[in-house]
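Summary of the model geometry
Residue-level listing of the chains:
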Amino acid sequence: MSRAQGTRRPVVSAAWGMLLAAACVAGVGCKKDAPPAPTEEPVTTLGAENVARVRPHELRSGPGISGTLQARTAGAVRAQVGGTVLAIQAQQGQVVRQGEELARIDDATLEDQLIAARTAVGTARNALQVAVAEEERSAKLSRAGVITPRDHERAQLGVTQAKGQLAEARSRLALAQEQLGRTRVVAPFAGVVSERQASAGDVVQPGSPMFTVVDPRTLRLEASVPAARLEQVKVDTPVEFQVTGYGARSFVGKVERINPVVDPNTGQVRIYVAIPNTDLQLLAGLFAEGRVASRTQRALAVPQDAVDDTGENPSVLRVKDEKVQRVPVTLGMRDEVERLVEVRSGLGAGDLVLLGAARDEVSEGTRVRIDTSRRGEPAREDEGPGVGGSEAPTRPRDAPSPSRAPTRSEVPVGSEGASGRQGARPVESAPTQSPQGTTREGSAPAP
C-alpha cells in the first residue's frame, strides 16, 4: 500500500507542475512582487469664466456717478383760457415746431367779448370827436366873451375824459383779441410732445395742464459725487457713462455746472452733466451709470477679483505649465467702474490668473486644465472635479479613474493584489449581458 502511494506522488507533483506552468503562461500568479498600479496626479478643471488673461487696458479713474437722464429744456403747456377743448392736433412722440398748434379751445364766448370791445372802441372814438368839436366852439366863444372861461374849461375836461374812455375801450379790445388768440394752444419751442393730459371734449380752466414738450437734442444728467473727491471734478471734465437698454455702448458728456453747496446729510455735491443728443438716440428718463473721467492711463491690468489683498502684500494665483503659482504683485491705478486694477510688477502680458471662486478654492501647486467649452458648448470628459460650483465632468461607466487604485475586478486574478498569495483559485464571475442581449458565462475552469 505504501509502495503504491509512493509511486503515485510523482504523478501528482507533475500534474501540479503542469498547472503552475500553464498559469505562468497565462500570466496569472507568476509575479511574486508585482509593483502597484501608477496613479496620476488629479487634475482640476477650470471653466473660461474662472480665469482671466493679463493684457493692456484703458484705465480711467474718477468718482462714479449715476442718475436719470432728463431733458435740459422742457415746458409744461397749460390752458390760458377756460372752455371746452374742441380738437387735439398733437399726440405723444410727435415732433412739433415752435408756434405749431397743439389744440384748440372753444372761442364762442371770447368772440362775443371781442365784438363788444370793438363796439365800445367805436363809441368812445365818436364821443371823443364830439368832445373835441365842443371844445373848439367853446374856445371861440370864450375869446369873443360870450361864455365865461369856466365854461371853456368844462369843454376841455370833456375832451380829456373822451380820450380816456377811448384808451380804455382800445385796451379792452386788445385783451379780447389776446384772449381769443389763447384758444389756440401752441408749442413754446421746437421739440417733441412727451405727454398729453387733455382730450377733445374736456372742459379746462386757466392753468390746467394739457401738454409737455421737451427738446431731446440736449439732455442733462444730475448726479452726486463725494465732497472728498471734488478736486477731481471740474467744469468741462468729460463724463463717460452707459445707459440702460444700450448694452455696453458708452456715451460721453461734460460737467456743465457744480452746485456750490454740499448736502449736509449725505456729504455729496450735486453736479449737472450736459449730454449732446443730436441723433436723438437717448431718451429722457433712462437710468445712466458712469464716472467722471478725470484721469486716463493705458497699462497692464487684471480684474479686481483676481487680487488677494488679505495678506500684507497683494498676490494673485497664476497658471503656468498647468500648475497654480502664487505670485506677489505691485498694484497701481484702480478703475472702479470696470473693476480693473493696474499691475505694475509681478505679471506679464498674456499671463493667466484665477478669478473669484477658483481663487478661493484652488490651492497653490494644484494641477489645472482650462476647459473653454464651459461657456456655451457641452463640457468635455475630464479627469478632475469642477471649480466654482460647476458640476464635476462625467466619465464613461466602464472607464477606471486614473487617480484611484484598480478594483478587484481590474486586477489580474491570481496576483498578490487580488488574493494576497500566488496560485489562488480563480473566482467565477457573474454572468454578464453581451451587446446582443445573450448571456455568457465568464467563469474559468477549476484546476
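Quick note: structure is the one above.
Below or above, wherever it landed, is the structure these notes cover. Because the structure is a prediction, the values reported are computed rather than measured.

Under the defined criterion, the tally for this structure stands at 15 salt bridges. Linking Glu101 and Arg104 is a salt bridge whose minimum nitrogen-to-oxygen distance equals 3.1 Å. Taking the relative accessible area as the measure of exposure, Glu101 reaches 19% and is therefore buried. As a salt-bridge pair, Arg137 and Glu134 come within 2.5 Å of each other at their nearest N and O atoms. You can see Arg137 and its partner Glu134 sitting in helix H2 (residues 108-144), 3 residues apart, about one turn around the helix. For Arg137, a relative accessible area of 47% puts it in the partly exposed group. Using a relative accessible area of 38% as the deciding quantity, one classes Glu134 as partly exposed. Three or more residues are tied together by salt bridges with common partners; here these are Glu101, Arg104 and Arg184.

Right, let's talk about the pairing of strand E18 (residues 323-328) for a bit. Put simply, side chains in a regular strand alternate between the two faces of the sheet. Taken together, the 6 bridges between strand E17 (residues 315-320) and E18 define a ladder with antiparallel strand orientation. Residue pairing in the sheet places Val319 in a bridge with Val324 of E18. Between E17 and E18, which pair antiparallel and follow one another directly, the connecting turn spans 2 residues, one of which, Asp321, has a positive phi of 55°.

The next subject is the nonpolar core. One broad trend across soluble globular proteins is that nonpolar side chains are buried collectively. Counting 33 residues, the largest nonpolar core has Leu102, Ile105, Val185, Met210, Phe211 and Val213 as its most contacted members. Only strand E5 (83-88), strand E7 (101-105), H2, helix H3 (149-181) and strand E11 (209-226) provide two or more residues apiece to this core. Ignoring any residue separated from it by four or fewer positions in sequence, one finds Val185 in contact with Val77, Glu100, Glu101, Leu102, Ala103, Ile105, Met210 and Phe211. Membership of the second largest hydrophobic core comes to 19 residues, among which are Leu221, Val255, Val273 and Leu282.

As a further point, take the sheet that holds strand E21 (residues 352-354). Taken in spatial order, the 4 strands of this open sheet run E2-E21-E17-E18, and their pairing is antiparallel. With partners counted over all chains shown, the strands left at the sheet margins are strand E2 (51-53) and E18, one partner each. Shown here is a sheet whose adjacent strand axes are inclined to one another by a mean of 40°, direction ignored. Relative to E21, E2 is paired through 3 bridges, and the arrangement is antiparallel. Residue pairing in the sheet places Ala52 in a bridge with Val353 of E21.

About the thresholds
- Residues numbered from 1 in each chain as written.
- Predicted model: local features only at pLDDT ≥ 70, side-chain atom pairs only at ≥ 80, totals over all residues.
- Heavy atoms only, no water.
- Salt bridge = Lys/Arg side-chain N within 4 Å of Asp/Glu carboxyl O.
- Buried < 20%, exposed > 50% of the residue type's maximum accessible area, 1.4 Å probe, protein only.
- Helix = DSSP H or I, 4+ residues; strand = E, 2+ residues; numbered from the N terminus.
- Pairing = 2+ DSSP bridges.
- Core = buried A, V, L, I, M, F, W, Y, C linked by side-chain atoms within 4.5 Å.
- Contact = heavy atoms within 4.5 Å.
- Axes fitted to C-alpha atoms, helices over the stretch in contact; angles between N-to-C directions.

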